[in-house]
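# A structural walkthrough
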Amino acid sequence: MLMPLLSDNELRETRCLIDGQWIETEATYEVRNPATGELLARVPCLGAEHAREAIAAAERARPQWSAQPAHERSRILKRWHALILAHLEPLAQLLTREMGKPIGEARAEILYGASYVEWFAEEARRAYGQVIPSHDLSKQLSTVREPVGVVAAITPWNFPNAMLARKLAPALAAGCTVVAKPAEQTPLSALALSKLATLAGVPHGVLNVVLGDAVAIGAQLTANPAVRKLTFTGSTAVGRLLLRQCADTVKRVSMELGGNAPFIVFDDADLDAAVEGAMASKFRNAGQTCVCANRFLVHEAIYDEFAERLVRAVRDLRVGEGSQAGVTIGPLIDQRAKAKVAALVMDALEQGAVLLEGDAQMPGNFFAPTVLGQVNAQMRVAREEIFGPVAPLIRFVDEADALAQANASDAGLAAYFFTRDIARAHRVAAALKVGMVGINTGAISTETAPFGGVKQSGFGREGGPQGLEDYQDVKYLCLGNLR
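These numbers come from a predicted model, not from an experiment.

Right, let's get into the overall build of the chain. Within the chain, the regular secondary structure consists of 16 helices and 22 strands. Expected size for 483 residues packed as a compact globule is a radius of gyration near 23 Å; at 23 Å, the chain falls within 12% of this value. Overall, the C-alpha framework of the chain stretches about 70 × 65 × 45 Å when taken along its three principal axes. Looking at the chain residue by residue over its 483 residues, the buried ones come to 55%. Split by element, the accessible area of the chain, about 19400 Å² in all, is 52% carbon and sulfur. The centroid of the 49 positive side-chain charges in the chain is displaced by 5 Å from the centroid of its 53 negative side-chain charges.

Below, the structure is given as structure tokens:
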């Protein structure tokens, strides 16, 4: 079937979506390119009343959508996937303009988000129940899986396309309806993605998108009893607040929160592979990723050599506007983000860290890729999530020391380590207190595997078969008097 294509102007939606209608309001806020300061759009600034309308629309649409055969929901998601691929380039260009990442990374994000839509289009047809061996010959025991209901999805600015797709796809596949609240810094990618969903045939009210007052909208999403699940990706501080607000209505909650990923380089590691993995993990998206390496723990025997190789690789990075050819590092999202990263670097230097590479004088929202040597675990840069292109290097003396330092964090999202010793690979993977482990690789995320953390990095999983289960309730059936 031929896919209808939208022009760039048609795809560049600036209105909110409630019950199938694109709405505008007098109250608006600005969306600007973080690399240039260019005004990209003014979008609606909604409040509590519009949030209630969106929830009501989702609740009205829920019975019919959840009753759709799985193959019909799958068909619509497959059309959505095809439309995303057909609009790959304009979606990527839009993403780069509003978020700042290099255009190559933007294209990769669109494809990554689309992979979740395709995966869950297929998983929609596999929402299997279970027959349970009975304790009583007169009874038959089984389970079925049902959609949890209306879902509130709150997404961050660092992956404005993929993080929304990663939540919408399993929710819709499971038969849930959704009210989405994208980050205010990057709403245009979310609106474009949602426009393609409506073009694919997602019915009115099944998907609603609201922008505006985060406090007022968040209060409605967490307090309204019609919302049965909230899924959130963002900071641990905000996650704690949302958890408290959801308690009164006892909602299902998924939390993908902050990280402090250790990147361990053992003395037997392939250093070429370790540096390649470090570059992929640390500097993608200018370090603004929840799973990026936050602390580099390097064995003392190879510390100097690894530092030298990493600095050489970092010097090949090019900072600039993401749409320019050859740029590999875009801006940070805003001045507040830049000030935080600068403060972490300054704190480390004041406490004895050494600047091996970096430039503190870059203009605007740009921050130079930075390598810090002689860092210790007490410095803020080792204890806090950096969310910027800064690589702090910390020595360790043996495996026990590396694990003690790696696990000395309230965060437990991801960890990485490099070794040639297969026995060590198994030991260390088992001992790391995180939800995801990269062994001899710096890239771990895929739609076919569960993504999520432990400890204060949250709970719930996105991707893999587990991603669909997070949007379903299990109902137990006991059929008696069979004999």
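Once you've had a look at it, read on.
Attention now moves to the side chain of Gln 288. Position of Gln 288 among the secondary structure elements: in the loop between α10 (271–283) and β13 (293–299). Since its relative accessible area comes to 1%, Gln 288 is described here as buried. Excluding residues within four positions of it along the chain, Gln 288 makes contact with Met 99, Trp 157, Asn 158, Phe 159, Pro 331, Leu 332, Ile 333 and Phe 387.

Close approach of charged atoms allows side chains with opposite charge to pair. Here the structure, examined in full by the defined rule, presents 28 salt bridges. Arg 166 is paired through a salt bridge with Glu 256; the nearest N and O atoms lie 3.4 Å apart. Taken together, the residues Arg 166 in helix α6 (residues 162–174) and Glu 256 in strand β11 (residues 252–256) connect sequence positions 90 residues apart. The network of salt bridges with shared partners includes Asp 267, Asp 268, Glu 399, Arg 424 and Arg 427.

Summarising the element assignment, Ala 431 is placed in helix α15 (residues 422–431). When its relative accessible area of 24% is taken as the criterion, Ala 431 is described as partly exposed. Between the C-alpha atoms of Ala 431 and Ala 400, which are 31 residues apart in sequence, the distance is 9.9 Å. Ignoring anything within four residues of it in the chain, the contact list for Ala 431 reads Leu 403 and Asn 407.

Okay, the pairing of strand β7 (residues 150–154) next. When you tally the buried positions in β7, you get five out of five residues, the bulk of the element. Side chains of β7 alternate between two faces, with Val 150, Ala 152 and Ile 154 and Val 151 and Ala 153 buried alike. Of the strand pairs in this sheet, β7 and strand β8 (residues 177–181) are connected by five bridges, and their pairing is parallel. Residue pairing across strands places Ala 153 opposite Ala 180, the latter belonging to β8. Each parallel crossover has a hand, and the one from β7 via α6 to β8 is right-handed. Across five bridges, β7 lies against strand β10 (residues 227–233) in parallel orientation. Bridging across to β10, Ala 152 finds its partner in Leu 230.

So, about the nonpolar core. Soluble globular proteins tend to bury their nonpolar side chains together. Grouped together as the largest cluster of nonpolar side chains are 153 residues, with contacts concentrated most on Trp 80, Phe 306 and Leu 310. With near-sequence residues (within four places) excluded, Phe 306 lies in contact with Val 265, Leu 271, Ala 274, Val 275, Ala 278, Phe 296, Val 298 and Leu 393.

A separate point is the side chain of Asn 208. Summarising the element assignment, Asn 208 is placed in strand β9 (residues 207–209). Exposure remark for Asn 208: the relative accessible area of 0% places this residue in the buried category. At a separation of 2.8 Å, a polar atom in the side chain of Asn 208 contacts the main-chain amide nitrogen of Asp 19. Discounting residues that sit within four places of it in the chain, Asn 208 has contacts with Leu 17, Ile 18, Asp 19, Ala 54, Ala 57, Ala 58, Val 178, Val 179 and Ala 180.

Here we come to the sheet that holds strand β18 (residues 414–418). Note on sheets: strands pair through backbone hydrogen bonds, and any given pair is parallel or antiparallel. The seven strands lie next to each other as β14-β15-β16-β13-β12-β18-β19, forming an open sheet whose pairing is mixed. Of all the strands in the sheet, just β14 (354–357) and β19 (436–439) have a single pairing partner and so form its edges. Each neighbouring strand pair of the sheet contributes to a mean axis angle of 25 degrees, computed without reference to strand direction. Pairing of β18 with β19, which is carried by four bridges, proceeds in the parallel orientation. From the neighbouring strand, Phe 417 faces β19, where its bridge partner is Ile 439. Packed on one face of the sheet, helix α14 (residues 399–407) meets β12 (261–265), β13 and β16 (390–396) and runs near 140 degrees to β16.

Before going further, it helps to spend a moment on α6. Between the first and last C-alpha of α6 there are 19 Å, a value that for 13 residues agrees with the 18 Å anticipated at 1.5 Å per step. Where burial is concerned, most of α6 is hidden: 13 out of the 13 residues are buried. The first or second residue beyond α6 is Gly 175, which carries a positive phi of 100 degrees.

Let's shift gears to the packing of aromatic side chains. Under the definition given, this model contains eight aromatic pairs. Ring plane angle 40 degrees and centroid distance 5.0 Å describe the contact between Phe 263 and Phe 296, whose orientation is recorded as tilted. On the criterion of sequence distance, the pair formed by Phe 263 in strand β12 and Phe 296 in strand β13 is long-range, its members being 33 residues apart. Both rings, one in Phe 296 and one in Phe 306, keep their centres 6.4 Å apart while their planes meet at 35 degrees; by these two values the pair is tilted. Linking Phe 296 in strand β13 with Phe 306 in helix α11 (residues 303–315), this pair joins segments that are 10 residues apart in sequence. Phe 306 shares its class with Phe 296; the two are buried. Taken together, the ring pairs in this structure connect Phe 263, Phe 296, Phe 306, Tyr 416 and Phe 418 into an aromatic cluster. Here Arg 395 stacks its cationic end above the ring of Tyr 303, 3.9 Å away from the centre of that ring. Over the aromatic face of Phe 266 sits the side chain of Arg 424, whose NZ or CZ is 4.4 Å from the ring centroid.

Rules used in this analysis
- Residues numbered from 1 in each chain as written.
- Predicted model: local features only at pLDDT ≥ 70, side-chain atom pairs only at ≥ 80, totals over all residues.
- Heavy atoms only, no water.
- Helix = DSSP H or I, 4+ residues; strand = E, 2+ residues; numbered from the N terminus.
- Rg over C-alpha atoms; globule rule 2.2 N^0.38 Å.
- Buried < 20%, exposed > 50% of the residue type's maximum accessible area, 1.4 Å probe, protein only.
- Areas by Shrake-Rupley, 256 points an atom, 1.4 Å probe, with all protein chains shown as cover.
- Lys, Arg positive; Asp, Glu negative; His and termini not counted.
- Charge placed at Lys NZ, Arg CZ, Asp CG, Glu CD.
- Contact = heavy atoms within 4.5 Å.
- Salt bridge = Lys/Arg side-chain N within 4 Å of Asp/Glu carboxyl O.
- Pairing = 2+ DSSP bridges.
- Right-handed = clockwise from strand over helix to strand, strands pointing away.
- Core = buried A, V, L, I, M, F, W, Y, C linked by side-chain atoms within 4.5 Å.
- Polar contact = N/O pair within 3.5 Å; in protein donor to acceptor, adjacent residues only side chain to side chain.
- Axes fitted to C-alpha atoms, helices over the stretch in contact; angles between N-to-C directions.
- Expected span 1.5 Å × (residues − 1).
- Phe/Tyr/Trp six-rings, centres within 6.5 Å; stacked < 30°, edge-to-face > 60°.
- Lys NZ or Arg CZ within 6 Å of the ring centre and 35° of its normal.

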